[in-house]
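# Report on the structure
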Amino acid sequence: MTTRQPHRYVMELFKRNGAALGQVPVVADWEPAWETARFAALRRFPIATIGPGAVAELRPVWHTDLGAPFVGAVEVALQLPGVGEVSCQVPTTYFKSFAGAASAPFVGKGLLKSGEYFNYRIAAFANPPEPPMNPQRKPRFQIEEVSEPLPIRAASLNDFNKRSSAVGEQNESDIRVFVSKQVVAETEQLARAAGGLETASILVGHVHRDPGGELFLEVTAQIHARYAEATATKVSFGPETWDAVSHALALRGKNEQWLGWWHLHPSSAWCNPKCAPEERAKCPLQRSFFSSDDCDVHRTVFPKAFQVALLITSTDAGLRHAMFSWRNGLIVQRGFHILATNGELNPALVPDATATIGDDQDEKACSR
Amino acid sequence: MKNKTLDISAVDVSGQNVVNVSRLDREMSVGELLDSLVPKMRLPVLGNGRRITYHARHDRTGQHLHASQLLADTGLEDEDRITVQPSIQAG
Ligand SMILES: [Zn+2]
């Protein structure tokens, strides 16, 4: 896929009282935006791969009130020769993760206090033409993307719906995610056995396409990241973790795909034991949050638009489940379905209320 | 005599992102290759403001290649595949 960016983007920062701080060129990670368009095409058309002839372009959508050059969203338009065109939009909250870095020079100059809230808006300007390649600078290798088709199986969404129960708030724009009851039971067993440490597994399974064209996921197994190093507040994945997961997956021999991961926040163990039970129940640590480190793991290892992250939070009141995935280039909380394996439906899980994403609750809340 | 260059492929840990890497200079180190390869594989360089460390595994032998090794000394041959593996932590 060829990508085009005819515009450069600039972040304008303001203090809460409206005083302008200045402008910073946006250095954005556009991959989640490109991936949003790729997956939208896989959902829209009966295809399993985005061919090398595909061309994607970022286009500013001008702000409805402020007009050009201010941006209300960024459109990702993807043309697939001989197939069709899809277009999706990423909101300006896409730039939130960049805002911290953008504010650093203003904090350095004393114009903004560390931790002080500020506002931003995004502007776009046409890029100057690319300078010609310097013929003296010979690349040390050539690289070519391989368009591997996504293995997609045929299955009836209606059949899966009949055998499942919903957990959490469902958004119709998300693809349905069915997690087998067995997988949920295994994650809960591992969560209870973790002894106050974090723990994690890779979620594997299949991508299905309904005869009506709709894609959906079936998580068939979880492969425990047994070589991950766990502490009370971190779980670290390295080469040994990935090797072990790959070997386990190959041994299963079911052509299962990496669909995501789950990890545990042992919140009960994080909370101050001296706090009264009613105080502990109100503690932010006992609520679901997807930390900035969690976002980095998801972006680095699970960047496909369909890949999900299940979070289990071990609270004083029991285990809480929250699922996260990509939507319009952003990581958001979402619902999922539990799939019965032997005909009966499942007891409802206790989904968590709205989780925070990208903020480090564990680092800024309460004493521990 | 071996070619001065190598043609291999590289894949991410999930196996879902594959690239062909050709005319690789054998005098390049594994670390230099990864530094150039990671952004081209659309993998992030920074996470939470910190640089993400990536490693290369030679799939045919299962060996983890050291960043300072020259490609010429890794045993990599044409049509071999490396897996690009991050070291990363969730919190
Ligand atoms: Zn976490």
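Basis of the calculations
Residues numbered from 1 in each chain as written. Chains lettered and ligands numbered in written order. Predicted model: local features only at pLDDT ≥ 70, side-chain atom pairs only at ≥ 80, totals over all residues. Heavy atoms only, no water. Helix = DSSP H or I, 4+ residues; strand = E, 2+ residues; numbered from the N terminus. Rg over C-alpha atoms; globule rule 2.2 N^0.38 Å. Areas by Shrake-Rupley, 256 points an atom, 1.4 Å probe, with all protein chains shown as cover. Lys, Arg positive; Asp, Glu negative; His and termini not counted. Charge placed at Lys NZ, Arg CZ, Asp CG, Glu CD. Buried < 20%, exposed > 50% of the residue type's maximum accessible area, 1.4 Å probe, protein only. Contact = heavy atoms within 4.5 Å. Donors = N, O, S within 2.8 Å, 3.2 Å for Na, K, Ca; no water. Pairing = 2+ DSSP bridges. Axes fitted to C-alpha atoms, helices over the stretch in contact; angles between N-to-C directions. Domains from an automatic or database assignment. Buried area = accessible area lost by both parts, 1.4 Å probe. Salt bridge = Lys/Arg side-chain N within 4 Å of Asp/Glu carboxyl O. pLDDT = per-residue confidence, 0-100. Polar contact = N/O pair within 3.5 Å; in protein donor to acceptor, adjacent residues only side chain to side chain.

The next thing to look at is the overall build of chain A. Regarding its fold elements, chain A presents 9 helices and 22 strands. Relative to its length of 368 residues, chain A is compact, with a C-alpha radius of gyration of 22 Å against a globular reference of 21 Å. Based on the C-alpha atoms only, the size of chain A along its principal axes is roughly 60 × 55 × 45 Å. A total of about 17500 Å² of accessible surface is found on chain A, and carbon and sulfur atoms cover 53% of it. For chain A, the distance from the average position of its 37 positive side-chain charges to the average position of its 39 negative side-chain charges is 2 Å.

We now examine the overall build of chain B. Across its full length, chain B holds 1 helix and 7 strands. Taken over the C-alpha trace, chain B has a radius of gyration of 13 Å; the compact-globule value for 91 residues is 12 Å, and the two agree within 12%. Scored against the burial criterion, the 91 residues of chain B give a buried share of 51%. Of all intrachain contacts in chain B linking residues separated by at least 6 positions in sequence, the fraction that spans at least 24 positions is 57%. Of the accessible surface of chain B, which amounts to about 4300 Å², a share of 46% is contributed by carbon and sulfur atoms.

Take the coordination of the zinc ion next. Looking at the zinc ion, one finds its protein donor set to be His 263 of chain A (NE2), His 265 of chain A (NE2), Asp 294 of chain A (OD), Asp 294 of chain A (OD) and Gly 91 of chain B (O), positioned 1.8 to 2.5 Å from the metal centre. Residue His 265 of chain A is located in strand β16 (residues 257–265), and its partner Asp 294 of chain A is located in helix α8 (residues 292–301); the two are separated by 29 residues in the primary sequence. For the pair His 265 of chain A and Asp 294 of chain A, a shared accessibility class is recorded, and that class is buried.

Right, let's get into the sheet that holds strand β5 (residues 71–80) of chain A. Residue and element names in this part refer to chain A. Strand order in the open sheet formed by 4 strands is β1-β4-β5-β6, with mixed pairing between adjacent strands. In this open sheet, the two strands that pair with only one neighbour each are β1 (2–4) and β6 (84–91). Going across the sheet, the axis of each strand differs from the next one's by a mean of 25 degrees, ignoring polarity. As defined by bridge partners, β5 adjoins β6 across 8 bridges and the pair is classed as antiparallel. Opposite Ala 73, over in β6, you have Pro 91 as the bridge partner. Relative to the sheet, helix α1 (residues 31–44) contacts β1, β4 (55–62), β5 and β6, its axis offset from that of β6 by approximately 140 degrees.

The next subject is the sheet that holds strand β3 (residues 20–25) of chain A. Backbone-to-backbone hydrogen bonds join strands into a sheet, with any given pair of strands oriented parallel or antiparallel. All names here are of chain A. Judged by pairing direction, the sheet is antiparallel, and its 3 strands sit side by side in the order β3-β2-β7 without closing on themselves. Lying at the two open borders of the sheet, with one neighbouring strand each, are β3 and β7 (118–126). Ignoring which end each strand starts from, the neighbouring axes of this sheet average 25 degrees apart. As judged from the 5 bridges shared by strand β2 (residues 7–15) and β3, these two strands associate in the antiparallel manner. Its bridge partner being in β3, Val 10 is matched across the sheet by Pro 25.

It is worth spelling out the domain arrangement of chain A at this point. All names here are of chain A. Domain boundaries assigned for chain A yield domain 1 (2–126) and domain 2 (152–365). Here the C-alpha centre of domain 2 lies 28 Å away from the C-alpha centre of domain 1. Residue-level contacts link 17 residues of domain 1 with 17 residues of domain 2. Between domain 1 and domain 2 lies a buried interface of about 1300 Å² when both sides are counted; carbon and sulfur atoms form 56% of it. One can count 2 salt bridges joining domain 1 with domain 2. For Glu 214, the salt bridge is made with Arg 43, and the minimal N-O distance between the two is 3.0 Å.

Quick look at the confidence of the model for chain B now. A residue-level look at chain B finds 98% of positions with pLDDT of 70 or above and a mean pLDDT of 95. Model confidence for the complex: the whole-complex pTM is 0.94, and ipTM, which rates the interface, is 0.96.

Moving on: the interface of chain B and chain A. At the interface, 36 residues of chain B touch 39 residues of chain A. Between chain B and chain A, the buried area comes to about 3400 Å², and carbon and sulfur atoms account for 51% of it. When the area that chain B buries against chain A is broken down by residue, the three leading residues are Gln 16, Arg 42 and Gly 91 of chain B, summing to 22%. For the pair chain B and chain A, the interface holds 6 salt bridges. Connecting chain B to chain A are 20 residue pairs in polar contact (both at pLDDT 80 or more). Only β2 (18–25), α1 (30–40), β5 (53–58) and β7 (81–90) of chain B provide two or more residues apiece to the side of chain B that touches chain A.

Time to look at the environment of Phe 289 of chain A. All names here are of chain A. Among the structural elements, Phe 289 can be located in strand β17 (residues 289–290). A relative accessible area of 0% means that Phe 289 is categorised as buried. Separated by 44 residues in the primary sequence, Phe 289 and Gln 333 have C-alpha atoms spaced 9.6 Å apart.

With that settled, the discussion passes to the pattern of salt bridges. Considering all chains together, one arrives at 23 salt bridges over all chains under this definition. Two residues, Arg 163 of chain A and Asp 159 of chain A, come together in a salt bridge whose shortest N-O distance is 3.8 Å. Given a relative accessible area of 29%, Arg 163 of chain A falls into the partly exposed group. By relative accessible area, Asp 159 of chain A is classed as partly exposed at 35%. A salt bridge links Arg 51 of chain B to Asp 35 of chain B; the shortest N-O distance between them is 3.6 Å. With Arg 51 of chain B in strand β4 (residues 50–51) and Asp 35 of chain B in helix α1, this pair connects stretches of sequence that are 16 residues apart. Using a relative accessible area of 55% as the deciding quantity, one classes Arg 51 of chain B as exposed. Linked by salt bridges that have partners in common, Glu 31, Glu 35, Arg 38 and Glu 145 of chain A together with Arg 42 of chain B make up one network.

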